Amino acid sequence: MIFSKKIMDASFYLIQFLNGIQYGFLLFLVAAGLTLVFGIMGIINLAHGSFYMIGAYLAFWLTNLTGNFLIGVALAIPVTIGIGYLVERTTFSRLYSRGHLHQVLLTYALILIFDELQLILWGNDFHGIDVPEFLSGAIQLTDILSYPTYRLFISAICIVLAFMMYWVIQKTKLGMMIRAGASNREMVQILGIDVQRLFAIIFSLGVALAALAGMLAAPVTSVYPGMGENILIISFVVAVIGGIGSIKGAFVGALLVGLVDIYGKTLFPELASILVYALMVVVLLWRPQGLFGTAA
Amino acid sequence: MNDTILHADNLTKHFGVLPAVQNVSLLLKRGVLHAIIGPNGAGKTTLINLLSGELHPDQGAIRYRNKEITQLLPDQISRLGIGRSYQKINIIPSFTCFENCQLAAQSRLITFMGLFCSGKQVKELHERTEKALEMVHLSHRNKTAAATMSYGEQRQLELAMILATEPELLLLDEPLAGMGNQESNQIIELLQKLAKQHTLLLVEHDMDAVFAIAQQLTVMVNGKILETGTSNQIRNSDAVQKAYLGNNVIMKNEG
Amino acid sequence: MALRPESSVFPFQTDTMISEKKSIYFFIIFLLLALFPWIIEESFYLEQLTRILILGVFAMSLDLLVGYTGIVSLGHAAFYGVGAYTLACVFQSADVINFWYALPLSLAASALSATIIGWLSIRTSGVYLLMITLAFGQMCYFFYLESPYCNGSDGILLLNKPEILWGAYNLLDLENETHFYFFVLGWFVAVFLLLKRILQAPFGQIIQGICANESRVRGLGYSTPTYKLVSFVIAGTLAGLAGFLEAAHTGFVTPAYSHWHQSGMLLVILILGGIRTLHGPVLGAAAIVLLEDLLPNITDHWKLLMGLLIIVIVLFLPNGTVSFFTRIPTQSAIQYKNKKHE
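Residues numbered from 1 in each chain as written. Chains lettered and ligands numbered in written order. Predicted model: local features only at pLDDT ≥ 70, side-chain atom pairs only at ≥ 80, totals over all residues. Heavy atoms only, no water.

(A) Quick look at the interface of chain C and chain A. Taken together, the contact pairs 41 residues of chain C with 40 residues of chain A. Carbon and sulfur atoms make up 81% of the surface buried where chain C meets chain A, a total of about 3,900 Å² over both sides. Here chain C and chain A share zero salt bridges between them. Those elements that place two or more of their residues in the side of chain C that touches chain A are helix H5 (126-146), helix H10 (260-273) and helix H12 (302-316) of chain C. The greatest single-element share of the side of chain C that touches chain A, amounting to 14 residues, is contributed by H5 of chain C. Its residues placed into classes, the side of chain C that touches chain A shows 29 nonpolar, eight polar and four charged. (Contact = heavy atoms within 4.5 Å. Buried area = accessible area lost by both parts, 1.4 Å probe. Salt bridge = Lys/Arg side-chain N within 4 Å of Asp/Glu carboxyl O. Helix = DSSP H or I, 4+ residues; strand = E, 2+ residues; numbered from the N terminus. Nonpolar A, V, L, I, M, F, W, Y, C, P; charged D, E, K, R; others polar.)

(B) Main features of the state of the cysteines. Taken as a whole and judged by the stated rule, the model has zero disulfides over all chains. Residue Cys 140 of chain C stays outside any disulfide, its sulfur separated by 10 Å from that of Cys 150 of chain C, the closest cysteine. (Disulfide = S-S within 2.5 Å.)

(C) Examining the pairing of strand S3 (residues 33-37) of chain B more closely. Residue and element names in this part refer to chain B. Most of S3 sits inside the fold, with five of its five residues counted as buried. Here four bridges tie S3 to strand S8 (residues 199-203), and the two strands are oriented parallel to one another. If you follow His 34 over to S8, its bridge partner there is Leu 201. Direction of pairing for S3 relative to strand S9 (residues 216-221): parallel, over a ladder of four bridges. (Buried < 20%, exposed > 50% of the residue type's maximum accessible area, 1.4 Å probe, protein only. Pairing = 2+ DSSP bridges.)

(D) Geometry of the side chain of Gln 156 of chain B. Tracing the chain through its elements places Gln 156 of chain B in helix H5 (residues 151-164). When near neighbours in sequence (up to four residues on either side) are disregarded, Gln 156 of chain B contacts Val 136, His 137, Leu 138, Gln 186 and Ile 187 of chain B.

(E) Representation of the packing of helix H4 (residues 99-121) of chain C against H5 of chain C in the model. Residues and elements named next belong to chain C. Where H4 contacts H5, the axes come no closer than 10 Å and their chain directions differ by 150°. Looking at the two axes, H4 sits roughly antiparallel to H5. Crossing of H4 against H5: the hand is right-handed. Here Ile 117, Leu 120 and Ser 121 of H4 lie close against H5, whose contacting residues are Leu 129, Ile 132, Thr 133 and Phe 136. Residues of the contact of H4 with H5, tallied by class, amount to five nonpolar, two polar and no charged. (Axes fitted to C-alpha atoms, helices over the stretch in contact; angles between N-to-C directions. Parallel < 35°, antiparallel > 145°, perpendicular 65-115°, else oblique. Left-handed = near helix turned anticlockwise from the far one by under 90°.)

(F) Layout of the packing of aromatic side chains. Overall, the coordinates contain 35 aromatic pairs over all chains when judged by the stated rule. A centroid spacing of 6.4 Å and a plane angle of 80° characterise the contact between Phe 30 of chain C and Phe 188 of chain C, whose relative ring orientation is edge-to-face. Placement of the pair is Phe 30 of chain C in helix H1 (residues 15-39) and Phe 188 of chain C in helix H6 (residues 177-200), with a sequence separation of 158 residues. For the pair formed by Phe 30 of chain C and Phe 188 of chain C, the shared burial category is buried. For the pair Trp 38 of chain C and Phe 182 of chain C, a centre-to-centre distance of 5.8 Å together with 40° between the ring planes defines the contact as tilted. Note that Trp 38 of chain C is positioned in helix H1 and Phe 182 of chain C in helix H6, a separation of 144 residues in sequence. Taking relative accessible area as the criterion, Trp 38 of chain C reaches 58% and is therefore assigned exposed. Through successive ring pairs, a cluster of aromatic residues spans Phe 99, Trp 100, Trp 166, Phe 180, Phe 183 and Phe 244 of chain C. Arg 84 of chain B extends its terminal NZ or CZ atom over the ring of Tyr 86 of chain B, reaching a point 4.2 Å from the ring centre. (Phe/Tyr/Trp six-rings, centres within 6.5 Å; stacked < 30°, edge-to-face > 60°. Lys NZ or Arg CZ within 6 Å of the ring centre and 35° of its normal.)

(G) Representation of the sheet that holds strand S2 (residues 18-29) of chain B within the structure. All names here are of chain B. Read across the sheet, four strands follow the order S2-S1-S4-S5 without closing on themselves; strand pairing throughout is antiparallel. The open sheet has two edge strands with one neighbour each: S2 and strand S5 (67-68). Taken together, the five bridges between strand S1 (residues 4-15) and strand S4 (residues 59-64) define a ladder with antiparallel strand orientation. Directly across from His 7, in S4, lies its bridge partner Arg 63.

(H) Seen up close, the packing of helix H9 (residues 227-242) of chain A against helix H11 (residues 272-286) of chain A. Residue and element names in this part refer to chain A. Across the interface, H9 lies against H11 with an axial gap of 10 Å and an inter-helix angle of 20°. Accordingly, the angle class assigned to the pair H9 and H11 is roughly parallel. Judged by the twist between their axes, the crossing of H9 over H11 is left-handed. Residues Ile 233, Ile 234, Val 237, Val 240 and Ile 241 of H9 lie in contact with H11, whose contacting residues are Val 276, Tyr 277, Leu 279, Met 280, Val 283 and Leu 284.

(I) Local environment of the arrangement of the chains. Ranking the two pairs of chains in contact by number of contacts places chains B and C first. The two partners chain A and chain B share no contact, and the minimum distance between any of their C-alpha atoms is 13 Å.

(J) Seen up close, the domain arrangement of chain B. All names here are of chain B. As assigned here, chain B comprises domain 1 (1-81 + 170-255) and domain 2 (92-166). Placing the centre of domain 1 and that of domain 2 at their C-alpha centroids yields a distance of 27 Å. With 18 residues of domain 1 at the contact, the number on the domain 2 side is 13 residues. Interface area, domain 1 with domain 2, both sides summed: about 1,300 Å², of which 63% is carbon and sulfur. Taken together, domain 1 and domain 2 are joined by zero salt bridges. In this structure, the connection of domain 1 to domain 2 is made through three residue pairs in polar contact (both at pLDDT 80 or more). Counting residues per element, the side of domain 1 that touches domain 2 draws most heavily on helix H6 (residues 181-195), at six residues. Across the side of domain 1 that touches domain 2, the residue classes tally to eight nonpolar, five polar and five charged. (Domains from an automatic or database assignment. Polar contact = N/O pair within 3.5 Å; in protein donor to acceptor, adjacent residues only side chain to side chain.)

(K) Seen up close, the interface of chain C and chain B. Taken together, the 40 residues of chain C in the interface contact 41 residues of chain B. Taken as a group, Gln 205, Arg 216 and Leu 220 of chain C account for 19% of the area that chain C buries against chain B, more than any other trio of residues on that side. Counting across the chain C and chain B interface gives 15 residue pairs in polar contact (both at pLDDT 80 or more). Going through the elements one at a time, H6, helix H7 (202-212), helix H8 (214-219), helix H9 (224-250) and helix H13 (334-341) of chain C are the ones with two or more residues in the side of chain C that touches chain B. The residue makeup of the side of chain C that touches chain B, split by class, is 15 nonpolar, 16 polar and nine charged.

(L) Spatial organisation of the pattern of salt bridges. Tallied over the entire structure, the rule returns 15 salt bridges over all chains. For Arg 63 of chain B, the salt bridge goes to Glu 68 of chain B, with nearest N and O atoms at 3.9 Å. Of the residues examined, Arg 63 of chain B reaches a relative accessible area of 34% and is grouped as partly exposed. On the accessibility criterion, Glu 68 of chain B (43% relative accessible area) is partly exposed. Linking Arg 216 of chain C and Glu 158 of chain B is a salt bridge whose minimum nitrogen-to-oxygen distance equals 3.9 Å. Taken together, the positions of Arg 216 of chain C in helix H8 and Glu 158 of chain B in helix H5 put the pair across two chains. Residue classification places Arg 216 of chain C among the buried positions, given a relative accessible area of 1%. With relative accessibility at 1%, the residue Glu 158 of chain B sits in the buried group. Shared partners join several salt bridges into a network, and the residues in it are Arg 30, Arg 65 and Glu 168 of chain B.

If you want it as structure tokens, here you go:
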């Protein structure tokens, strides 16, 4: 009896671990865009969570239209890139020389607008999304515990994306500009790189990543108003823990936050929501510039 | 040893793996105008930053009036009586000339963090500010926004700000940089006046000026001290001529 | 950063004159505010004005931090919540709320939390500071949401108003709306004058110096972290006062008091009214209260309009709407005081 209970505990913790990692991966997608946009463009984007929400709603809408989740996602991605480009050109491009206060205010206004547009277009209800059949099953871990295939699918996609980002940043010309921009923003502007285009590309990519995270999360969390808000604050925590501007930091921070959050919820349910913030405070007291950030 | 005001002993500071200052020792005597010269990147500004607490050395110790100050912060060092100026103009552009100077003066006068201020304090504050501005001939610019003043005037204001804190030792990082001839002569005159009541440590590029006014000179190259001595000793030092001035330079011998 | 013109441009308008003229304006406005219950007798407007004044206190406290000290905090609502919840938690089942205990308790609690949060926050700067204050604000929010003492998202209902007793005599009957209005107006004027005094004192000049060039101010011998912390604590305590007033006014305290949207909205108020002035935040608060009242009549989706309005203001009036009409004073009035001594 005792033996089997131990096994159950172990696999229970394994499941929590997998959940934590999967949550962390999603956070990474959102935080990567956030940290890039800040590191290179010097913009604090409070509206980043709204793109996560927009992604989820687009996935919901297009899945209903086409009848297939994967097709819906495939169609939604270019739309989000377009939205990102549009927002960058119309508003953010005017903010580069402004202080943090103005950036905070403008992106806060964007949140109000996006939230309201979402209400107008899709209303106030919760919506579920069905995943394709081959992803909707579960993998049996023990007699009583199983793990949903779709969550593994999310993790797999995120790992692939993380590797792609690593490749783009380390090996391509765009990546070189991104790295240069993250370590010395003024330098990129002096070097004769088309900064406008670079910023527009980075911003659109960041938006697409956040939106994709929303699309992937939608079948698990369902789609609801204000879903971008929680993820926004948590991804800020991730970016700050990792060091703003550092993709590597965002990755480590995301996994850390994911695990702390999931284990916190099972081990200390009363404190769960506070734990993540406490983690950030501890990290900042130890290293004010974050784990992988460079000192200002 | 009574006339030693500051003693830097064997200071070393690395930026990453790059040594900026290596085993530098410096002895400043009370009332002596001491100048540090050397090519760009010799570590002069780093040395000033170490002395003023902006940076802390990896090794070595700094003693000021026989008190260890190596690890103190800039505000603590300022309060001990060491004032400094910066290589780049460092004032508060949105304040007026008077306010900049007043800000400096009141750092020594206020109580309760300046949340409340008695009339007597205000009067004293005003007097001290006026005195400092008069020293540098800026009284007529009282109400001008600091940002709109000329470069030379901003330099003068910086000096006034230091003076308003009533320091004993002044660390001046290139006070003549970027100045025209006339402005520069004005400042030199001022420095000579100051040297009568204060101890000055000067980092400067303008050789003529330095040799004219400094009583002691230290030559730094690549983060190390090459030579210390009077202007004549420095002029006649082979090491200095080779390393710093190059072989082709013929030194003026008068002065 | 607005620069002061050369004094010679305005040879006849000395600082003294400007300042005295301003004092008269403020006196007239305060007088009008004091007479308001007799000018307009409709209780709806009195209620709105009470809200504006409370929000004004809250916004002025943030301006001390953001506008004058240069600490852009996105967690200021934390202290608003602390002030409100201290009142609500301690007195939720009490029959009588003794004002003389309740207010000092609220202020002490918000001052204490501001000291702790401020001490931790000011070690960072820039965007990190913004984020760490945001995190602290959210921590408070979730604490109120999940703590067993705070009744979760339902919040706490206060059945009674605080009683201000002097011996057996009731100084102000806060159940009476007009009395409550005067109670709030008194605090509003007190906070306004206190902040004005602080900003004119050397302290005000020092924090504005820190805002513009911290390393320089430090080099002059000021322990800048201490000044930033004191500014943070003053601002936090005044926010706690605003929270206390709001809780007493509505009798209803929910975690939303500390939600980061509250902090965000407060920054909007600052920029709407004009940052780095004391009257600006109050005008901003008035504008927001009125907009929140008017816009829903135009459309259900008034937040859309609000968002667009904020964007327009940020892009085209970076110093706030007040910057349209007044120049922004960067100068403390010490100098004007000095002139008197000459």
